[in-house]
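Observations on the three-dimensional arrangement
Residue strings, one per chain:
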Amino acid sequence: MGKIVVIGSANTDLVVQVLRMPAPGETILGGKFMTAAGGKGANQAVAAARLGGKVTFVARVGNDTFGEESLAGYVAAGVDVRHVVRDAEAASGVALICVDAAAENSIVVAPGANDRLSVEDVERAEAEIAAADFVVLQLEVPISTVCRAAEVAQAHGVKVILNPAPAAEVPDELLRRCYLLTPNRNECARLTGLPVNNAADAKHAADALRRRGVRNVVVTLGSEGSLICGETVCERVAARRVEAVDTTAAGDVYNGALAVALSEGRSLVEAARFATAASAIAVTRMGAQTSVPTRAEVEALLVEA
Ligand code: RIB
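Values in this document were obtained by computation on a predicted structure and should not be read as measured data.

This part takes up the pattern of salt bridges. One side chain can pair with another of opposite charge once the charged atoms of both are near each other. A full pass over the atoms with the stated rule returns 21 salt bridges. Between Glu299 and Arg295 there is a salt bridge whose closest N-O contact spans 2.8 Å. Placement of the pair is Glu299 and Arg295 together in helix H11 (residues 295–304), with a separation of four residues, close to one helical turn. Bridged by salt links that share partners, the residues Arg60, Asp87, Arg116, Asp121 and Arg124 form one connected network.

Next comes the structure, spelled out in structure tokens:
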């Protein structure tokens, strides 16, 4: 079983189904409401654990009901939460999410305790990081913390997967520490300043990122699948056709699954196939962590086609 350390955000998602997104200044009436455990870091940690990884999560939640419920969910998924700090000074992170009739989402995050995940929190988890096969990072916590996590991982020869979400610019020093970068189309455009409208554009942008020092790049392209550009490979993995109801956390499930498959010694392309199947199941369900499939569900889908 591969050992994975996920360092990142934990939120509670307040989700409303809408027919269409509201325009600025407009009030619209939505449909069903749900509360679900979310946060890019937590979603990736829970996905990796439910799919068979041995996962430690490094994060901060508030000393409040949302924090308590989130922690209980991580434990139930089998995540080691010894490095999830209960922060008495800040509320748990919250995300307000609208999901429209096309299964697309629009998200606003109030980071709360996530903004206080510190370099010291990472350093306290150094022994866990040193013992891991992969460290998985995103950009929903302070960039100084992300950079330090990558530095500590690299110092111990541990491979870093950076999911550069939400879209932001990233220092070259951080890119150079990454074994794998996993942007979606928008994040890839933001990182490179290049248009990413199709697989050919994605290849161009991935090459530009590799010239900046990342070893491997997987660009996720939604219904167009993903493009894997690595040291020894450049291949497209097709998406699976499904009836999507909510694309929230599809990228997180993809990243968690990718980390599990890589930690089990699969190639990048094999790992991308596994991750594609996992995220295809996730988009057929509402919510973030509520949508994460089990290993058996993913394996059954892989056998089907
Ligand atoms: O990637 C989806 C996640 O983004 C949601 O769960 C929300 O909490 C935000 O972090």
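Take the site of the ligand next. Neighbouring the ligand are Asn11, Asp13, Gly38, Gly39, Lys40, Asn43, Ala95, Ile107, Glu140, Ala249, Asp252 and Ala288. One nitrogen or oxygen atom from the side chain of Asp252 is found 2.7 Å from an oxygen atom belonging to the ligand. Judged by the proximity of its atoms to the pocket grid, the ligand belongs to the largest pocket. Where the shell around the ligand is concerned, the elements lending two or more residues are strand E2 (11–17) and helix H1 (40–50). Looking at the shell around the ligand residue by residue, the class counts come to four nonpolar, four polar and four charged.

In this section: the pairing of strand E1 (residues 3–7). Of all five residues in E1, five are buried; the element is thus mostly enclosed. Of the two faces of E1, the one lined by Lys3, Val5 and Ile7 and the one lined by Ile4 and Val6 are each fully buried. The pairing of E1 with strand E4 (residues 54–62) spans five bridges and is classified as parallel. Bridge pairing links Val5 to Thr56 in E4.

Quick look at the pairing of strand E5 (residues 80–87) now. Relative to E5, E4 runs parallel, the two being bridged by six bridges. Bridge assignment links Val58 to a residue of E5, and that residue is His83.

Roughly 1,500 Å³ of internal volume is contained in the largest pocket. Residue composition of the lining of the largest pocket, by class: 20 nonpolar, 19 polar and nine charged.

Conventions adopted
Residues numbered from 1 in each chain as written. Predicted model: local features only at pLDDT ≥ 70, side-chain atom pairs only at ≥ 80, totals over all residues. Heavy atoms only, no water. Salt bridge = Lys/Arg side-chain N within 4 Å of Asp/Glu carboxyl O. Helix = DSSP H or I, 4+ residues; strand = E, 2+ residues; numbered from the N terminus. Near = heavy atom within 4 Å. Polar contact = N/O pair within 3.5 Å; in protein donor to acceptor, adjacent residues only side chain to side chain. 1 Å grid on protein atoms, 1.4 Å probe; cavity = no way out; pocket = protein on both sides within 12 Å on 5 of 7 lines; lining within 4 Å. Sits in = over half its atoms within 2 Å of the grid points. Nonpolar A, V, L, I, M, F, W, Y, C, P; charged D, E, K, R; others polar. Buried < 20%, exposed > 50% of the residue type's maximum accessible area, 1.4 Å probe, protein only. Pairing = 2+ DSSP bridges. Points joined across faces, edges and corners; volume = space filled by probe spheres on them.

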